[in-house]
Structures are given as C-alpha cells and as structure tokens.
Amino acid sequence: MQMSREDLERAYRTMRTIRAFETNVHVEAQAGRVPGSTHLYAGQEAVATGVCMALGNGDHIVSTHRGHGHSIAKGCEVGPMMAEILGKESGTCKGKGGSMHIADLNVGMLGANGIVGGGPPLACGAALTAKTLKTGSVAVAFSGDGAVNQGTTAESLNLAMVWNLPVIFVIEDNGWGEATSSEFATAGDIVMRAQGYGMAAELVDGLSLSNVYESTSAAVTRARAGEGPSLLHMKTERFYGHFNGDVDTYRSEESKRVQRHERDCLTRLRATLIKSGLIEEGTLDAIDAEVEDAIDAAVKAARAANEPDPATLETDVYVSYAEGN
Amino acid sequence: MQMSREDLERAYRTMRTIRAFETNVHVEAQAGRVPGSTHLYAGQEAVATGVCMALGNGDHIVSTHRGHGHSIAKGCEVGPMMAEILGKESGTCKGKGGSMHIADLNVGMLGANGIVGGGPPLACGAALTAKTLKTGSVAVAFSGDGAVNQGTTAESLNLAMVWNLPVIFVIEDNGWGEATSSEFATAGDIVMRAQGYGMAAELVDGLSLSNVYESTSAAVTRARAGEGPSLLHMKTERFYGHFNGDVDTYRSEESKRVQRHERDCLTRLRATLIKSGLIEEGTLDAIDAEVEDAIDAAVKAARAANEPDPATLETDVYVSYAEGN
Amino acid sequence: MGRKSFRAALNEALHQEMKADPRVVVFGEDVTGGTGGDGEQDAWGGAFGVTKGLLGAYGRERVLDTPITESAFVGAAAGAALTGLRPVVEIMFVDFIGVCLDQVMNQAAKFRYMFGGKTRCPMVLRATFGAGARSASQHSQALYPIFTHIPGLKVVIPSTPSDAKGLLIEAIRDDDPVVFLEHKMLYDEQGEVADQSYAVPFGEARIVREGPDAAIFAYGRMVGRAEAAAAKLAEEGINVSVIDPRTTSPLDTETILEFTEETGRVIIVDEASPRCGMAADISSIVAEQAFGALRAPILKVTPPHTPVPYAPSLEDAYLPDAARIVDAVRRSLAHR
Amino acid sequence: MGRKSFRAALNEALHQEMKADPRVVVFGEDVTGGTGGDGEQDAWGGAFGVTKGLLGAYGRERVLDTPITESAFVGAAAGAALTGLRPVVEIMFVDFIGVCLDQVMNQAAKFRYMFGGKTRCPMVLRATFGAGARSASQHSQALYPIFTHIPGLKVVIPSTPSDAKGLLIEAIRDDDPVVFLEHKMLYDEQGEVADQSYAVPFGEARIVREGPDAAIFAYGRMVGRAEAAAAKLAEEGINVSVIDPRTTSPLDTETILEFTEETGRVIIVDEASPRCGMAADISSIVAEQAFGALRAPILKVTPPHTPVPYAPSLEDAYLPDAARIVDAVRRSLAHR
Ligand SMILES: Cc1ncc(C[n+]2csc(CCOP(=O)(O)OP(=O)(O)O)c2C)c(N)n1
Ligand SMILES: Cc1ncc(C[n+]2csc(CCOP(=O)(O)OP(=O)(O)O)c2C)c(N)n1
Ligand SMILES: [Mg+2]
Ligand SMILES: [Mg+2]
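From a predicted model like this one, the values you see are computed outputs, not experimental measurements. (Residues numbered from 1 in each chain as written. Chains lettered and ligands numbered in written order. Predicted model: local features only at pLDDT ≥ 70, side-chain atom pairs only at ≥ 80, totals over all residues. Heavy atoms only, no water.)

All names here are of chain C. Taken in spatial order, the 5 strands of this open sheet run β9-β11-β10-β13-β14, and their pairing is mixed. Two strands close off the open sheet at either side, each with one partner strand: β9 (206-209) and β14 (299-301). Mean inter-strand twist for the sheet, computed between neighbouring axes without regard to direction, equals 25 degrees. Direction of pairing for strand β10 (residues 214-218) relative to strand β13 (residues 266-269): parallel, over a ladder of 4 bridges. Following the sheet pairing, I216 is matched in β13 by I267. Those strands touched by helix α9 (residues 253-263) are β9, β10, β11 (240-244) and β13, and its axis lies near 155 degrees from that of β10. Relative to the sheet, helix α12 (residues 322-334) contacts β10, β11, β13 and β14, its axis offset from that of β14 by approximately 175 degrees. (Pairing = 2+ DSSP bridges. Helix = DSSP H or I, 4+ residues; strand = E, 2+ residues; numbered from the N terminus. Axes fitted to C-alpha atoms, helices over the stretch in contact; angles between N-to-C directions. Contact = heavy atoms within 4.5 Å.)

Let's shift gears to α12(C). Helical geometry: 3.6 residues make up each α-helical turn, so side chains three or four residues apart lie on a common side. Residues and elements named next belong to chain C. With 13 residues, α12 extends 18 Å between its outermost C-alpha atoms, agreeing within 8% with the 18 Å of an ideal straight helix rising 1.5 Å per residue. Within α12 the residues assigned to the buried category are I325, V326, A328, V329, S332 and L333. The buried residues of α12 occupy an angular sector of 160 degrees when the element is viewed end-on, so they sit on one face. Of the exposed residues in α12, the ones pointing more than 90 degrees away from its buried face are A323 and A334. (Expected span 1.5 Å × (residues − 1). Buried < 20%, exposed > 50% of the residue type's maximum accessible area, 1.4 Å probe, protein only. Arc of directions from axis to C-beta.)

Here the focus is the coordination of the magnesium ion (ligand 3). All names here are of chain A. Distances from the magnesium ion (ligand 3) to its protein donors, D145 (OD), N174 (OD1) and W176 (O), fall within 2.0 to 2.2 Å. One chain supplies every donor to the magnesium ion (ligand 3), and in sequence these donors are spaced D-x28-N-x1-W. Pair noted here: D145 is in the loop between β2 (139-144) and α6 (151-162) and N174 is in the loop between β3 (167-173) and β4 (176-177), with a separation of 29 residues, a long-range link. Accessibility expressed as a relative area gives 2% for D145, which makes it buried. Among the residues examined, N174 registers a relative accessible area of 7% and is labelled buried. (Donors = N, O, S within 2.8 Å, 3.2 Å for Na, K, Ca; no water.)

Each partner contributes residues to the interface: chain D has 40 residues there, and chain A has 48 residues. Summed over both sides, the interface of chain D with chain A buries roughly 3,300 Å², with 61% coming from carbon and sulfur. Linking chain D with chain A are 0 salt bridges, by the criterion used here. Along the contact surface separating chain D from chain A lie 21 residue pairs in polar contact (both at pLDDT 80 or more). With 5 residues, the single largest contributor to the side of chain D that touches chain A is helix α11 (residues 312-318) of chain D. Classifying every residue of the side of chain D that touches chain A gives 18 nonpolar, 15 polar and 7 charged. (Buried area = accessible area lost by both parts, 1.4 Å probe. Salt bridge = Lys/Arg side-chain N within 4 Å of Asp/Glu carboxyl O. Polar contact = N/O pair within 3.5 Å; in protein donor to acceptor, adjacent residues only side chain to side chain. Nonpolar A, V, L, I, M, F, W, Y, C, P; charged D, E, K, R; others polar.)

What follows concerns the UniProt feature "domain: Transketolase-like pyrimidine-binding" (unreviewed entry) in chain C. UniProt records the feature "domain: Transketolase-like pyrimidine-binding" (unreviewed entry) for residues 4-189 of chain C in the present numbering. Across residues 4-189 of chain C, the secondary structure splits into 35% helix and 18% strand, with the terminal C-alpha atoms separated by 8 Å. (UniProt positions renumbered as here; feature names shortened; annotations may be inferred.)

Moving on, we get to the site of ligand 2. With respect to spatial proximity, 21 residues lie near ligand 2, and among them B:H65, B:R66, B:G114, B:N174 and C:E70 are the closest. One finds residues of chains B and C in close proximity to ligand 2. Contact distances for ligand 2 include 2.8 Å between an oxygen atom and a backbone N or O atom of B:G146. C:E70 is positioned such that a nitrogen or oxygen atom in its side chain is 2.5 Å from a nitrogen atom of ligand 2. Relative to its unbound accessible area of 570 Å², ligand 2 is 97% covered by the protein chains. A per-class count over the shell around ligand 2 returns 7 nonpolar, 9 polar and 5 charged. (Near = heavy atom within 4 Å. Areas by Shrake-Rupley, 256 points an atom, 1.4 Å probe, with all protein chains shown as cover.)

For the rest of this paragraph, the subject is the packing of helix α1 (residues 6-20) of chain D against helix α7 (residues 161-173) of chain D. All names here are of chain D. Where α1 contacts α7, the two axes come as close as 8 Å, and the packing angle between them is 30 degrees. One way to sum up the angle between α1 and α7 is to call them roughly parallel. Where α1 crosses over α7, the two elements pack in a sense that is right-handed. Between α1, through F6, A9, L10, E12, A13, L14, Q16 and E17, and α7, the contact on the second element is made entirely by P161, A164, K165, L168, I169, I172 and R173. (Parallel < 35°, antiparallel > 145°, perpendicular 65-115°, else oblique. Left-handed = near helix turned anticlockwise from the far one by under 90°.)

Quick look at the structure:
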C-alpha cells in the first residue's frame, strides 16, 4: 500500500504538529504552567502517524500515558488538548483528566491511560464490539516496550487469538520504561512472544513512516477480513526524559547526541520527501509555519482559558445522577 | 539421569499413594464428608512424582488448587492432609485451609493455591531467596494449562529471565481448565511462548515418569548452576471432573474411556516396571497393599478427629498478636 | 408469576434482556462450558449454572467462554461498553477481583469522570460472593466494601429471587458500570418471581419488616438472618424493623435515616470484614446525620477481622447468625 | 539528631535496616533506575528518590530494578518472605495495586491463617499515595481503606519525618505483611529525626495536640491540616485535640475512645474516598464503644465520592482543608 503525495503531505503535517505540540508542552511545563506531569511523544511521531493513517474514523485506538501523539494522529483537536494539559475548563476533558487521560470518542480515541498495560484489554473490547455488531472496525492498542511485560498485555494477546478479534497490538519500543532499559527488563524477543500465541507479528522500523504505514495497513486488512489480530513491534526513539521532571542521566550524553542527530523520524521523512522530489522544500516550510501558528494559537488560548469552576467537582461521576453519590 | 531400582520403587509408591489418596477423597466427598469442594489429581501422578523426585528437601514447590498430588510427592504426610480436607483440627493447617490451602514449609511445600496463576510469582520469590542467600535451592511452580494464560504466569516468565532465577515452571497440561478445553482457551504453543522470553523450554510426555524425571533433573541442574529458569510443558490427563461436584458432560464418554484405558500413567509405569523386570509384580502388589492400609488409616483417623475448637477462629491471623485486630 | 429459585430468576433476567437488546452480550469463564470439547457444548452455564441455556438461545457470538484471564476479559467488557455493547461479564468468585481490579477501579469506574463526562460504560460485572460453602479464605469473601469505596461504580446485592431478577435487569439497562454480587448460598432460595420483565430501581431500600423497637439493616444473605432474629424477638413482643438497602452504591440514606428516627436504635448486620466495611459505612452516616435520634450505641454485627476459615465449626462461628443479631438487639434495648 | 526531610528519613531507615540485616532486600520499578543503560546506574532511586544510594551501598544483589510487572514482583516479595528474606518492595503509586491486589490480598495477607499459623510473611509493600500533585484520577488515590479492610495486613501511614523513619524500621522488623503508605506531598517536609536507628510501635497513636473542646483524628497529610485548623481555632480560644493514629491496622482504639470520652466531640479527617473509608471506620467504632460520651454527631471531613480531578481548581476543592475542618469543629460545638 503506497502513500499518495497527498497522504505524505498529511503525514508530514501530522508529525510536525505532534513535534510542535510537544515542544510547546515542554516549554509550558518548564515554565510551570502544566499543573501535573506529562510524558512527551517527541521522537516517536512516525509511529502514531503511520498507524493512524492506516485507520479510518470509525476505527478505535487505545493509548498510553504518552498519548499526545496518538491523540493528534487520530484526530483530536490540539486546542482543547493543550487546554486540558494546562488544566482548563475548555480542555478535551473539561480539565478533569489532564495529560494522561485525553480521550475523544468522536474520533475513535478511547483514551490515554495512566496505567501501564491498562489499554490492551480495552482494545480487545472495542474489537469485540466491532466483531459482534459487524461494524467492520478494527481496534489498535498502543503499548510501550515496558507495557509489553505487563500481564494484561500477554492476556490480551491470548484473548485476541481465542476470540479471533480485529485488533492490532502496536508495541512502541523506545528502549526505555522510565529509567530502566528494555534490554534489561524485556527478556527474549517481542515478535517471538506474539508468535508463541500463534499471532502474526513482525518487527518494524518505527522511524520510517512508510514502514509503519505499510505494516499497519497489512494488519488492518487482515483484521477487517476476519483473519485475526497482529502484533507490530516498532523500534523508535524517545527524545525527552521519561516525563517533564526527568533529568535523564541514565543515558549517556553521547547516546543522546547520536539519537537526536541520526535517529529523528521527522528529519528523515523531510529529507526523503525532498530528495525523492515528491514534495518540495517550500511546501514543507509552509506547513511548518502553519503548524507553528496553529500550536501558538492553541497555547495562547489555553493559557487564557479559565480553570474549571469548582462547582463541577462532583459532576460526571455517574450518568444517572448529576453528582457523585 | 537414570532412576535406580530404589528410586523407581519410591516413585511407584508415591504415585500409588496419590492415586489411593484421591480415590478415597472422592469417596469421602461423595459421601458428604468433605465440607468444601476438592480437585482431584488422579491421572496426573507421574508429573508431581517425577518432578519432586528431581528435587531435594531444601527445594521449594508452589502448587495449585489441584494440589494433593504435589503435596504428597513433596513429602507432606497423608494423615494430616486427609484430616485437613475433612476440616479437622489435626489437619495440616488445623482445619483453617482445607483442600485448596495445604502447605508444609518443613518439606518445602509453599502451599496449594485457590487462585489460578497465583503461584508463579511466589515461586520467583522463593528462587530469589535461594539466589540472594546462596542456598543452592531451586523453586518449582506448578501451573495448569489454564493458568498459563493468566498474566501472572507471563510476568513471572519474564521476571525469572530478567533476574536469572533458579526457578522451573512446570505446566501441567491436562487439556482442560474447568469445563473449557485448552484447545480453545490456550492459543499457540506453550513451549514457544517460553522461548519468546528466551527461556529454555521443552514439551514432555507427562504420562511418562522417566521423561518427567529426566527433563526436570536437567532443568534443576541448569538452575543450580546459575544458568537460569526453564519451562516444562507436560501433557497429562485429568481422570475425574474438574472438582468433586462436576458431572463432566463436556467430554464424550468415548474420550473418557480411551483416557482411562490407554492413558493411565500408573498402569503404564507398572507395566514398564514388570516388563523390564526391574521390579517384580509381587513387590508392586505389596506396595499397593501397604499404601491402601496407610490411606485407610489416614481416612479413619481423619473421620474420628475433632473439628477445630471455635475458640481458634481468631488465632493465627497475625504473628504479633494472638487474635485478629 | 411463580416460585422460582434465585438462580432461575437471574437466568430469566439475562434471557429477557438479551432478547430485548442485541447489544447485550455475556462472557466469562465457563459461562457456557464445554467450548472446544467433544461433549456437551453448554455443559456448565457458569460455575453456578446462572447462564445455562443462553448459548442455545443466542449463540456463540453473544455468549462467549473465555480463557482464565480476568484482566483481559473484564477490561474487554469495559472497552466493549465504551464502544457500543452492553456486556454482562462474570468473574466466577468475587475473590478473583484481585487479579483484575485495575480494569474495574482505574478504568471502567473512572472513564466518565476522567474524560469529562463524554463517555458511558454500561457494563455489569457479575460475581458470586460470601461464606458458608466451606470454600475457605480465597473463595468466600464479601468484598463489596472495596467496590463501594470506589467512586464511579454502582454496587448491587440482591437478597431475594424477585430482587435478583429486577435488579439485574436494572443493572443491564443502567449506563454506568455496575458490580452485581450474588451470594453463593442463595442460588437455591425460592421465591415468587413475576414472569414478565421488570426493573427494580437502585438506591431504594426494601422494607422487609416494620417494627418500632429497633432498626436492623442488612444485605444479601444477612437479610434472612436478620428476619429470623426479628421473628424470634417478635415472639417475646419485641418488634423490630428489617431493612435491606439492596444497593450499597447508591445508598438509600433517606430510608436509613427515617428508620433511625423512628426507632432510635440501629443494628447493622454485615457479612463483610468489619474494618472499613458496610456496617461501618452505614453507622457513620447515621452517627453524622441522625445523631439526635439515637437512643443507644450503633451496633455492628460482623465477622471478626480474620480470613474466612474452612472447617465448618470455624466458618459457622465466623458468620453472624440470628442469635448474635438477637443479642445485639437486646444490648441496644438495654440502653435507656 | 538533625532536621531531615521525610524522604531522607525513609532513606535512612532503609540504609540502617539493610546494614543490620542481610535478609533485607529492596526491589521495585526504578528503585535504582538506570539498569541496562549506558548512563548513571543509580539514576532515580525510585520515582520519588527514596531508595537513592542503596545500590552503591548494597549492590545489585540486594537492590533490584524490576520490569513493569507488579503482580510478579509483589508476589515474588511474598514468596521471598515465606522462604527467608525480608523484602521491601515498592509499587510506585498505590493506585497500581489494581494490577497486583491478588498477591497482597489473597496471598501474603492470608498465608498465615490459611496455613494454620505455620508461616510468616515478613514483607513491606511501600507505595506513594494521595492527592495534591495534580496527578489526576489514576495517580492520586489514598486507598488505605481497601488494605485496612483486609485481615492479615498491617497498614501504616506516617505523617512526620520522624515517624516515617521509626515506622518503616518497625515495618521491616515486623513479621507480618505491612503496607506502608507515603504521601507524595510530604516527601519534602522537614522535621527533627534522630540519627540512630529506632522503631515506632504499631497501634499507638501520636497525640499531636491536646485540648478539651473536641478531638480530631487524622492520618498522613491530613494531620498537618488538622493542626492548622487547631491553631486557627486556638486563636479564638477553642482548644481541640489532634490525634494521629499512625496505623489503621492495628488501630489504637484505646486512645481514640479515651479522647472521645474526654472531649465528647469527634471529627475525623480522611483523605480517602468517603464510602467505607477510614472516617467511617473510626466513626463506627466510636458510635459503638463510646456512644455515651458523645455530645454531638460524629463528623467526617472527607473528599466527595468522586475520582480525583486534575485541574488545580478542582483538586483543591476536592481535598479537605483547614477551613473545612474548622467549620466541622464549629458545627460540632454548636451541638449542646
Ligand atoms: C501499572 C503501572 N506501573 C507503573 C507505572 C509507572 N510508569 C509510568 S510510565 C512507565 C514506563 C512505561 O514504559 P513503556 O511502556 O516502555 O512506555 P514509554 O514510557 O517508554 O512510552 C512506568 C513504569 C504505571 N503508570 N502503571
Ligand atoms: C483467578 C482465578 N480465576 C478462576 C478460577 C476458577 N478456577 C479454578 S480452577 C480453574 C481451572 C484451572 O485450569 P488449569 O490451570 O488448567 O488447572 P486444572 O484445573 O486443569 O488442574 C478455574 C477457572 C480461580 N480459582 N482463580
Ligand atoms: Mg518505552
Ligand atoms: Mg488444566
């Protein structure tokens, strides 16, 4: 499945939007304007973007604590997202959720998740809905290399096979779970683990937008055809520390230098597009500028927005009564 | 590692003891003298026996809800066990635990377990003790084919590899988790699952005492040498229904007939011993009679024993105070 | 109308709701039983037979056996509920919540709030609970205080066949996650149950018996024991009220306070462990909101702070019984 | 002696006990941090820095990073404790108990009882808890009522650096499973902490302040808020007692009843969710055992029955504060 020029332009815009968004969240956090902690997606843009481009609006994703990129790629609006992260009433979740709980069911984004491994069972559920109601949808569970060890992930792989669900497990392997290296914490081989459940699985270069897109598209096709779940093990890079407060001393300066200079999926896509002549540099620059403006506007609006009215503290606990009981 | 005549005689005695014990528990249960429910080990004797013969007294095992066989094989006394199952004060656990919670730390039996998948993490812990205190011990976690899907098992495989623990995961695959077939519920291949964690793993004929003993001995040797954990996938047979109240209609009568007649590990061992001339039939008959007597005595004593004094209801909740607080 | 068992009443509720709404699906371990085998395909209907017969009526697409992986399939219920199904998921014994609490506590219960009110998670988590079956420490717990503690969950504990049916139908129709707890010793209880479909609303206590001398609040199997105690006391001319709040969350505080005002004497019978339990919860509401009406200490009749023991002699001593309830009422009345 | 932070006090306790007893081991996610990387090898010392420096002193054999698999490593702590180690295991946020409750509730807590008193499980489960850090619904819960509800566990909630050290030492030396909860907003609190090793016994309340007009019971971070309220009231000549029971299980019922008798007015401040929470628990004990001494309703000051919200304006409204405590005391005193 090849990407059209239009697709590529859209992909570039999405990746650039995620990068700019995260850069700005970082600035806001450093300036003390993000009330809680936040986990930046910068460096991993090709994964969220390539995966979500292979999905339709009716498909569902389940995200992680590092969810801004998935949210943007699946179509959440950056304005409310930024407001949510700043704890404002105009936020995606009215300020109740914050960075780790952004969700928008209208675009099939079932929620970031503060629990490592919390998502895969939920994705099985979304896939069960698709299968039972014959909607033709697929569900994607994003998980980190750390989350892959959590029992919930293993259970979900098995359940997905047993129920033959249209679900795709995307393992975003950025080499780290907080300050612990996956080389230490994740024994064996993730693709082989999935194969142990009889599941179709492959290793994917997560820094290559087209590799991500193509492998996901193939998995989506299989899932829609009723041919069952897949696991895609995507190798990628986390540019910042684990969260905004992490000084990141467990990685050597040299390894960080190499990473930023040689393993930036955005630089790589840009270079490929220009070199191949598919999109000219000027168009990309224009996109950059537009994105910059849009994110600027989101930040300004978020800063200016009101904090939620304390009167809303007790609303939205239950559907059937206005206040917690 | 070959078994001596003495070993084989001991193994036969153990297997026969387990079979007789379970047959008698079944009778007691049918007669209404077992207060709770109980899960019989009959059919699987070669696994518990072969595994535990490869262990020393200082090694630990962690068992399951179907724990009588493991307990006997590891050296728990049948008298107190029977009393425990009948809910008597002379029981292994003073009547507080019953069939599903038999434990005897003196012989390295860390407990049956009513939670499917509850055991593997505990075995990792016992192995950590061995490694940290350099005791040279190994730990074995018995799990069923149902338990192998539980997240705790997957997590334990990974942890055992990451910490390089002297632990052995024995998967007793009797084809069923309650009334659900493992063909349905357990996707893929259990040996491959373990290999996905980089773990040494093999498929073992769990009806063959010597295969069980030899594969376990090899795993024990590896573990003691600091060469890490292993998984042994042992195919076996469950003769009774899942628990004493299970009428077992989900298996066809024909499949049950074949099982009992062609897949009885005890019949097989007996035939092999006689045929090979290693132990003469008369000796085996004598063992049978001795075992029968011993279990009879255990049953009689258990029936005659007192129920626990209600005054003990609140003791043994905490070490540091006599009663629950 | 007719006499039906608690089990049959639950089964009827499931049948009627599955028939009425194609979004209702049922899954859990052995909810059919027999899957993958060469024998009977609907061999169990759950460990307690509650879901028996659903497979034949609604097929494998809507009645699914699961592997023994509570986190995965309870989480799947939550994910399915978010996206358009109305799952009724069973964990066999409530004690097994230990392996899957996260999906209930941090996922299902919190979605709506965390997401700013934009989602619904209409799932029912069914489980059996309670002591009395000689099932020992890991298969006999009550645990409803844990669920009651968690905002975002509704918690239901029926005590009669009729309530079992009506409350389960209400639970399935409810748009919030509901934990529905069935006492394992009640499945064979018989009672009048209407044939047609009906719902019993949450947060409305059932007044089991009215009497001016004291008020006993109880849930589940303890309701019957409270009734037995009340009957015993009535022989001596002591007439007490027995109230079954039926749901712990929401709680019918109004009725509880009303009966406190009327009687001035409160006894709460709770099968759960005593610390931070339902007896404590109700007591504290009464002590805060109806203090002026109290004429005696608020008494809790609960098991001791111990795991549930196996042996009959111990388990019988563990559980509150009519004699202990009678004694508590007497102690309350002794206060002038 | 010297002023030390709550964090430093905990760290000192771990150092001293690891030095004194080779069976003490520490593990959890990032308790060192840096394992397997090419940078600093003791980069984190846990998410809150409490275990920082242990790696250098005791090595990888006794200070172990883990994969993100709480069930496996908390269960490993239980298994290790059964067989001769004294593990101090950390789950980063207590909210994560949802993925591993079974190993605590059905395994560690119940071994001794189920096995007829023949085993010991000397493990400490450390976790951070509490709201105030804008960490939202899944990283801000208190949850100690859940542990308190479970027989077989001991539950500790220090409120000062000095108690943090002494209670942690006691927890490590204790032969039962102990859940040790550290409020994330207290780590930087400073206080006098003795240099030498000492243990603070469980089940003995700390009398923070004595006054005859009312008794306030509070845990953890709420102790400071109760003190602030008491100071405010003192300015108006209202003198209240503030009691920190320090452990919820065992509970120092004696001191609680004593102060109830002395003051006749009880206010309980609890950061946990209100239903089946610690405020309810203490209230119900008072209402049962010291009813005659009460001169006013027992008041609970707790958050509402909602998940913890993210935005500062909401989270600040969520948490009990000094003003609400002052108000509760006034309401109590208004009863004659
Ligand atoms: C159950 C649970 N355990 C621990 C944590 C703390 N935690 C948050 S993110 C994280 C690391 C996750 O690593 P990975 O899955 O690789 O995702 P990444 O952060 O690399 O995107 C940890 C341990 C958590 N949120 N939930
Ligand atoms: C967490 C949990 N879920 C479900 C059960 C109920 N249960 C008890 S035994 C069993 C089947 C276990 O199957 P398997 O592991 O294959 O062991 P077997 O019974 O075949 O020995 C089930 C589902 C349980 N005890 N614990
Ligand atoms: Mg990672
Ligand atoms: Mg099995």
